[in-house]
Amino acid sequence: MRAEKVIAMVGGVGNGSLRIFFTGPSAGVRCEGDIDATTRPVLIQALTVISEQTSGDLHADLGDVSFIDVGGLRVLVETGCRLAGERRFIVYALKPHTRRIIDMCGWTDLLLTGVSSTPPGGRAVSHSSDVP
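Just so it is clear, the model here is predicted, and its values are computed rather than measured.

Conventions adopted
Residues numbered from 1 in each chain as written. Predicted model: local features only at pLDDT ≥ 70, side-chain atom pairs only at ≥ 80, totals over all residues. Heavy atoms only, no water. Helix = DSSP H or I, 4+ residues; strand = E, 2+ residues; numbered from the N terminus. Buried < 20%, exposed > 50% of the residue type's maximum accessible area, 1.4 Å probe, protein only. Contact = heavy atoms within 4.5 Å. Pairing = 2+ DSSP bridges. Right-handed = clockwise from strand over helix to strand, strands pointing away. Salt bridge = Lys/Arg side-chain N within 4 Å of Asp/Glu carboxyl O. Axes fitted to C-alpha atoms, helices over the stretch in contact; angles between N-to-C directions. Parallel < 35°, antiparallel > 145°, perpendicular 65-115°, else oblique. Left-handed = near helix turned anticlockwise from the far one by under 90°.

Asks: Would you mind showing me how to read the overall build of the protein here?
Replies: A count of helices and strands for the protein gives five helices and five strands. Secondary structure elements of the protein occur, N-terminal to C-terminal, as α-β-β-β-α-β-α-β-α-α. Every one of the 132 residues in the protein was classed for burial, and the buried ones make up 43%. Sequence-distant contacts in the protein: of pairs separated by 6 or more residues, those separated by 24 or more amount to 65%.

Okay, structure coming up:
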């Protein structure tokens with residue numbers, strides 16, 4: 001399948017309870033729903049295509065993700081590790097319990113170095129990202 005078609009599909013892909021939207025110029029995705037064993041394949045495909053088709057930082061807005069399992073977090077970590085050069089994988093709007101899981105897995109330095117609260121374009125995301 002050609003990359004252009006996959007990116008077009010990512011614009012409104014729904015697989016199980018996960019929807020992934022390509023966020024255009026910010027080179028990233030916005031996810032809503034659950035990231036688990038049944039929905040990870042489409043997330044992997046979307047992140048792979050976008051990271052291969054762009055040269056700058058990669059962004060993921062997770063403000064509307066209600067659940068993410070450890071396998072989903074691993075996908076995010078692996079995506080960030082695959083980026084070459086000075087590229088960063090910037091994750092937005094992680095829920096506090098998700099941050100705790102990342103800390104417990106020892107992935108804080110790998111995944112949270114690029115964490116921000118507001119994605120490019122200024123879409124407001126309500127969350128509480130500080131872990132006590």
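Asks: What's the story with the pairing of strand S4 (residues 58-68) in this structure? I'm lost.
Replies: If a strand is regular, its side chains alternate between the two faces of the sheet. Among the 11 residues that make up S4, eight are buried, leaving the element largely enclosed by the rest of the structure. Pairing of strand S3 (residues 28-35) with S4 involves seven bridges; the strand directions are parallel. Bridge pairing links Glu32 to Asp64 in S4. Note that S4 and strand S5 (residues 89-92) share four bridges and pair parallel. The residue bridging Ala60 from the neighbouring strand is Val91, located in S5. With helix H3 (residues 70-82) bridging S4 and the parallel S5, this β-α-β connection has right-handed handedness.

Asks: Just to check I follow, could you spell out the pattern of salt bridges for this structure?
Replies: Opposite charge on two side chains lets them pair, provided their charged atoms get close. Taken as a whole and assessed by the stated rule, the structure comprises six salt bridges. For Glu32, the salt bridge identified is with Arg19, shortest N-O distance 3.6 Å. Linking Glu32 in strand S3 with Arg19 in strand S2 (residues 18-22), this pair joins segments that are 13 residues apart in sequence. Across the pair Arg74 and Glu78 runs a salt bridge, and its minimum N-O distance is 2.8 Å. Here the residue Arg74 and the residue Glu78 both occupy positions in helix H3, the gap between them amounting to four residues, near one helical turn. Arg74 gets classed as partly exposed once you look at its relative accessible area, which sits at 48%. Its relative accessible area of 33% is what places Glu78 among the partly exposed residues.

Asks: Even after reading the chapter, I still don't get the packing of helix H2 (residues 40-53) against H3, so can you show me in this structure?
Replies: Two quantities define a packed helix pair, namely the angle between the axes and the distance from one axis to the other. Between H2 and H3, whose axes approach to 10 Å, the crossing angle comes to 15 degrees. On the basis of the axis angle, H2 is roughly parallel to H3. When you trace H2 past H3, the crossing you get is right-handed. Seen from H2, the contacting residues are Arg40, Leu43, Ile44, Leu47 and Thr48; seen from H3, they are Gly71, Gly72, Val75, Leu76, Thr79 and Arg82.

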